[in-house]
Amino acid sequence: MKKYLSRDKLKNYSLVEINELIMFSLEYCKNTLGVNKRKKKELTYGIYNGDISNECYGFYDPYEHEIIIMLKENKTIRDIVSLICHEYTHSLQPCISKYMKLLRKHGYDDHPFEKEAEGNEYIFKE
């Protein structure tokens, strides 16, 4: 596999190379954090290259068990790896049954699921 540096700009990589990086990051998360055994289908990802994002780097869709990556918002290799680690963490959490309830109680910044996902971002950033 090609060597990536976290500060490298994504614009210097082809879509094939970016996909390789995403797949490597997902495999790393799977091996490190485990898998969600409650889900019947395998975790997938999609890359969106449009302009509709307003500072959204990506998100996890718990109904499709899919990570969506907003390519134009992610500028560096670090951004992509952080996003994958963050959203992969959400794929392990009971988002459908508990996310909104906890959001109403704690708000976004103090949401326990977001705190856990942010913690995993920092573990893998270093």
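This report concerns the structure included in the present document. Because the structure is predicted, anything quoted here is derived from the model rather than measured.

**Considering the sheet that holds strand β2 (residues 58-61)**
Taken together, three strands build an open sheet; the order of strands is β1-β3-β2 and the sheet is mixed. Of all strands in the sheet, those bounded by a partner on one side alone are β1 (44-48) and β2. With direction set aside, neighbouring strand axes in the sheet form an average angle of 20 degrees. Here five bridges tie β1 to strand β3 (residues 66-70), and the two strands are oriented parallel to one another. What sits directly across from Tyr45, in β3, is Ile67.

**Structural notes on the packing of helix α1 (residues 15-33) against helix α2 (residues 77-92)**
It is the contact of α1 with α2, at a shortest axis distance of 10 Å, that shows an interaxial angle of 40 degrees. On the basis of the axis angle, α1 is oblique to α2. Note that α1 runs across α2; the crossing there is right-handed. Contacts between α1 and α2 involve Leu21, Ile22, Ser25, Leu26, Cys29, Lys30 and Leu33 from the first element and Ile77, Ile80, Val81, Ile84, Cys85, Tyr88, Thr89 and Leu92 from the second.

**Here's the deal with α2**
Along its 16 residues, α2 runs 23 Å from first to last C-alpha, staying within 8% of the 22 Å computed at 1.5 Å per residue. For α2, the buried fraction is high: twelve of the 16 residues fall into the buried class. Taken as a whole, α2 has its buried residues at Ile77, Ile80, Ser82, Leu83, Ile84, Cys85, His86, Glu87, Tyr88, Thr89, His90 and Ser91.

**With respect to the layout of surface pockets**
If you add up the space inside the largest pocket, you get close to 480 Å³. Taken together, 21 residues make up the lining of the largest pocket; nearest its centre are Gly58, His86, Glu87, Tyr108 and Glu114. No other element matches α2, which puts six residues into the lining of the largest pocket. Its residues placed into classes, the lining of the largest pocket shows ten nonpolar, five polar and six charged.

**What about unusual backbone geometry?**
Across residues other than glycine, the phi torsion is negative in most instances, and most of the peptide bonds are trans. Although it is not a glycine, His65 adopts a positive phi angle of roughly 55 degrees. Looking at the secondary structure, you find His65 in the loop between β2 and β3. Classification of His65 by relative accessible area gives buried; the value is 5%.

**Concerning the pattern of salt bridges**
In the structure shown here, the tally under the stated rule is two salt bridges. A salt bridge links Lys41 to Glu64; its shortest N-O distance comes to 3.4 Å. In this pair, Lys41 sits in the loop between α1 and β1 while Glu64 sits in the loop between β2 and β3, placing the two residues 23 residues apart along the sequence. Note on Lys41: relative accessible area 44%, which makes it partly exposed. Between Asp110 and Lys115 there is a salt bridge whose closest N-O contact spans 3.8 Å. For Asp110, a relative accessible area of 48% gives the class partly exposed. Of the residues examined, Lys115 reaches a relative accessible area of 45% and is grouped as partly exposed.

What counts as what
Residues numbered from 1 in each chain as written. Predicted model: local features only at pLDDT ≥ 70, side-chain atom pairs only at ≥ 80, totals over all residues. Heavy atoms only, no water. Pairing = 2+ DSSP bridges. Helix = DSSP H or I, 4+ residues; strand = E, 2+ residues; numbered from the N terminus. Axes fitted to C-alpha atoms, helices over the stretch in contact; angles between N-to-C directions. Parallel < 35°, antiparallel > 145°, perpendicular 65-115°, else oblique. Left-handed = near helix turned anticlockwise from the far one by under 90°. Contact = heavy atoms within 4.5 Å. Expected span 1.5 Å × (residues − 1). Buried < 20%, exposed > 50% of the residue type's maximum accessible area, 1.4 Å probe, protein only. 1 Å grid on protein atoms, 1.4 Å probe; cavity = no way out; pocket = protein on both sides within 12 Å on 5 of 7 lines; lining within 4 Å. Points joined across faces, edges and corners; volume = space filled by probe spheres on them. Nonpolar A, V, L, I, M, F, W, Y, C, P; charged D, E, K, R; others polar. Salt bridge = Lys/Arg side-chain N within 4 Å of Asp/Glu carboxyl O.

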